[in-house]
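Chain and residue survey
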Amino acid sequence: MPGFRVALLGTQFMGRVHSHAFRTVASFFPVDPPEMAVLCGQDAQRTAAQAAKFGWEEASTDWREVIARKDIDLVDVCTPGDSHAEIAIAALKAGKHVICEKPLANTVAQAKQMAAAAKKAGTVTLTAYNYRRAPAVAHAKRMIERGDLGRIYHFRARYLQDWILDPNFPLVWRLRKEVAGSGPHGDLNAHITDMARYLVGEIAEVCGMTKTFIRKRPLPAGEGELGRRGSKKGAAMGEVTVEDASLFLARFENGALGSFEATRFAAGRKNHHTWEINGEKGTLCWDLERLNELQWYSTEDAPTERGFRTILCTEAGHPYAGAWWPAGHMLGYEHTFTHEILDVVTAIAKGTKAQPDFEDGLRTQQVLEAAMRSAETKKWISVPR
Ligand SMILES: NC(=O)c1ccc[n+]([C@@H]2O[C@H](COP(=O)([O-])OP(=O)(O)OC[C@H]3O[C@@H](n4cnc5c(N)ncnc54)[C@H](O)[C@@H]3O)[C@@H](O)[C@H]2O)c1
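Residues numbered from 1 in each chain as written. Predicted model: local features only at pLDDT ≥ 70, side-chain atom pairs only at ≥ 80, totals over all residues. Heavy atoms only, no water.

Taken together, 25 residues form the shell around the ligand, and within it Met14, Gln42, Lys102, Trp173 and Arg174 come nearest. One nitrogen or oxygen atom from the main chain of phenylalanine 13 is found 3.1 Å from an oxygen atom belonging to the ligand. In this structure, methionine 14 approaches the ligand through a main-chain N or O atom, which is 2.8 Å from an oxygen atom. When the ligand sits alone it has 850 Å² of accessible area, and the protein chains cover 91% of it. Mapped onto the shell around the ligand, the elements with two or more residues apiece are α1 (13-28) and α9 (333-350). Among the residues making up the shell around the ligand, the classes are represented as 11 nonpolar, 10 polar and four charged. Shared between two domains, the shell around the ligand takes at least three residues from each, and those domains are domain 1 (5-131) and domain 2 (135-332 + 363-377). (Near = heavy atom within 4 Å. Polar contact = N/O pair within 3.5 Å; in protein donor to acceptor, adjacent residues only side chain to side chain. Areas by Shrake-Rupley, 256 points an atom, 1.4 Å probe, with all protein chains shown as cover. Helix = DSSP H or I, 4+ residues; strand = E, 2+ residues; numbered from the N terminus. Nonpolar A, V, L, I, M, F, W, Y, C, P; charged D, E, K, R; others polar. Domains from an automatic or database assignment.)

Formed by 43 residues in total, the largest nonpolar core has its most connected members in Trp275, Trp286 and Leu294. Apart from residues lying up to four places away in sequence, tryptophan 286 is in contact with Tyr131, Ala134, Ala136, Val137, Met195, His273, Thr274, Trp275, Leu291, Glu293 and Leu294. Grouped together as the second largest cluster of nonpolar side chains are 31 residues, Phe22, Phe29, Leu74 and Ala354 included. (Core = buried A, V, L, I, M, F, W, Y, C linked by side-chain atoms within 4.5 Å. Buried < 20%, exposed > 50% of the residue type's maximum accessible area, 1.4 Å probe, protein only. Contact = heavy atoms within 4.5 Å.)

Quick look at the pattern of salt bridges now. For the coordinates displayed, the defined rule picks out 26 salt bridges. Two residues, aspartate 148 and arginine 146, come together in a salt bridge whose shortest N-O distance is 2.6 Å. Arginine 146 sits in the exposed class, given a relative accessible area of 54%. With a closest N to O distance of 2.9 Å, lysine 270 and aspartate 162 form a salt bridge. Placement of the pair is lysine 270 in the loop between β12 (257-263) and β13 (272-279) and aspartate 162 in the loop between β7 (152-160) and α7 (177-180), with a sequence separation of 108 residues. When salt bridges that share partners are traced, they join Arg132, Asp194, Arg197, Glu202, Glu253, Asp360, Arg363 and Arg385 into one network. (Salt bridge = Lys/Arg side-chain N within 4 Å of Asp/Glu carboxyl O.)

Another aspect to go through is the pairing of β13. Burial within β13 is extensive, with seven of its eight residues counted as buried. Two strands pair when backbone bridges link them, and β7 and β13 are joined in this way by eight bridges, in the antiparallel orientation. When the bridges of β13 are listed, histidine 154 appears paired with asparagine 278. Pairing geometry for β13 and strand β14 (residues 282-287), over six bridges, is antiparallel. (Pairing = 2+ DSSP bridges.)

Right, let's talk about the sheet that holds strand β4 (residues 74-77) for a bit. Spatially, the six strands line up as an open sheet ordered β3-β2-β1-β4-β5-β6, and their pairing is parallel. In this open sheet, the two strands that pair with only one neighbour each are β3 (58-60) and β6 (125-127). Pairwise comparison of adjacent strand axes, ignoring direction, gives a mean angle of 15° for this sheet. Lying over the sheet, helix α2 (residues 44-54) contacts β2 (35-40) and β3, oriented at roughly 160° with respect to β2. Each of β1 (5-9), β4, β5 (97-100) and β6 touches helix α4 (residues 84-93); the most contacted strand, β5, lies at about 165° to it. (Axes fitted to C-alpha atoms, helices over the stretch in contact; angles between N-to-C directions.)

Among the secondary structure elements, threonine 314 is positioned in the loop between β16 (309-312) and α9. Residue class for threonine 314 comes out buried when judged on its relative accessible area of 5%. Threonine 314 sits 52 residues away from glutamine 366 along the chain, and the two C-alpha atoms are 35 Å apart. Not counting the four nearest positions on each side in its chain, threonine 314 is found in contact with Asn292, Ala321, Ala327, Gly328 and Met330.

Topologically, aspartate 244 is positioned in the loop between β10 (237-239) and β11 (245-252). Nearest to the buried, unbridged aspartate 244 among oppositely charged side chains is arginine 217, at 4.9 Å. Within the structure, the side chain of aspartate 244 is placed 3.0 Å from the backbone nitrogen of isoleucine 214, a separation counted as a polar contact. The contacts of aspartate 244, once residues within four sequence positions are left out, are Ile164, Pro184, Lys211, Thr212, Phe213, Ile214, Thr263, Arg264 and Phe265. (Lys, Arg positive; Asp, Glu negative; His and termini not counted.)

Across all of its chains, the model carries two cavities of 30 Å³ or more by this definition. Of the volumes computed, that of the second largest cavity is approximately 30 Å³. Around the second largest cavity, the lining residues are Tyr129, Tyr131, Arg132, His191, Asp194, Met195 and His273. The biggest single contributor to the lining of the second largest cavity is helix α8 (residues 184-199), with three residues. Here the lining of the second largest cavity is composed, by residue class, of three nonpolar, two polar and two charged. (1 Å grid on protein atoms, 1.4 Å probe; cavity = no way out; pocket = protein on both sides within 12 Å on 5 of 7 lines; lining within 4 Å. Points joined across faces, edges and corners; volume = space filled by probe spheres on them.)

This is the structure in structure tokens:
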């Protein structure tokens, strides 16, 4: 699709990662390079500097004006959750294809409006759950679909971090409900919920609990652009309005049992995103910090030869891997985003859907909201269908 033009909103973490993906996708996969037209941010100087660094033609601080432009085909929303619905719906109404970072929205009500707008627009949408696109995860999906695990009994996932362990860590946007919607629940449980739905199936009911360990934190130094920034010594304190940890149990529609744990208080755990699936014919495990590998134990091996084996998912036959380096030359975090952009660009070119689309992102949001309601009411909650 020569002349396919993109606008990206958000200039920091995800803005940088997605920019990298747009820049590299056509160097490795057989697609026309998307034209990186406009980077949108809040601060003019910083946005211009980031746009130049990341390879965008222009910078803007007016996303409404950018979305209204006829020369933009795809809008990529990499801002905090409080702005996702407004921006994505405006972009869909303008007939654009839309990528939206996870979680799709801060509430199910917003996510429903987004899914409805996507249906009406009929354009390609993607909720950016990037971890589906690690070659090892996509290969795990193949193994499960092929029946290698047989009936699935358990899905057990943890997403653990430790970046706010220090009580003096400032009250950044991720700790404010009005911006982030929730804490590690919408940030980390969102990822493992999407993973569970992708690999195992739909979730029928949930039972959750949450905890806020540190209730007040210093306000960040300078409240301009929101981010993980330092606080001044002796800074005024503010209320933490999200949970610090969130755990829930789940029953899948297919009868499997699930457990999910997300926290920012696991000392030493930087980005410990792991899952394990126990099936009647074996166990399959993945760990983001060793993202090219699957651990596989098969009950069909001879009893004397059984044990976990490592499948290194860098062979040409593994999903996405063949486009990159020779086998054993490892891929990283950023490649999952390149694959995401590849799948969106391909869906647009072929007139197909990308997954997970906004409808799919809404389903994950429904699971998350049910788990949060369960934590509040101390009851099992059915996930609406
Ligand atoms: N897929 C992943 O692995 C992953 C990882 C981190 C964050 N995320 C998601 O990406 C999104 C952004 O997170 P981040 O880490 O990049 O945040 P960040 O703080 O690093 O950057 C946020 C950017 O959004 C801009 N922004 C904030 N509010 C805005 C508004 N109302 N209008 C226009 N621009 C606005 C800020 O100026 C900044 O440039 C969040 O939804 C987050 O959950 C996903």
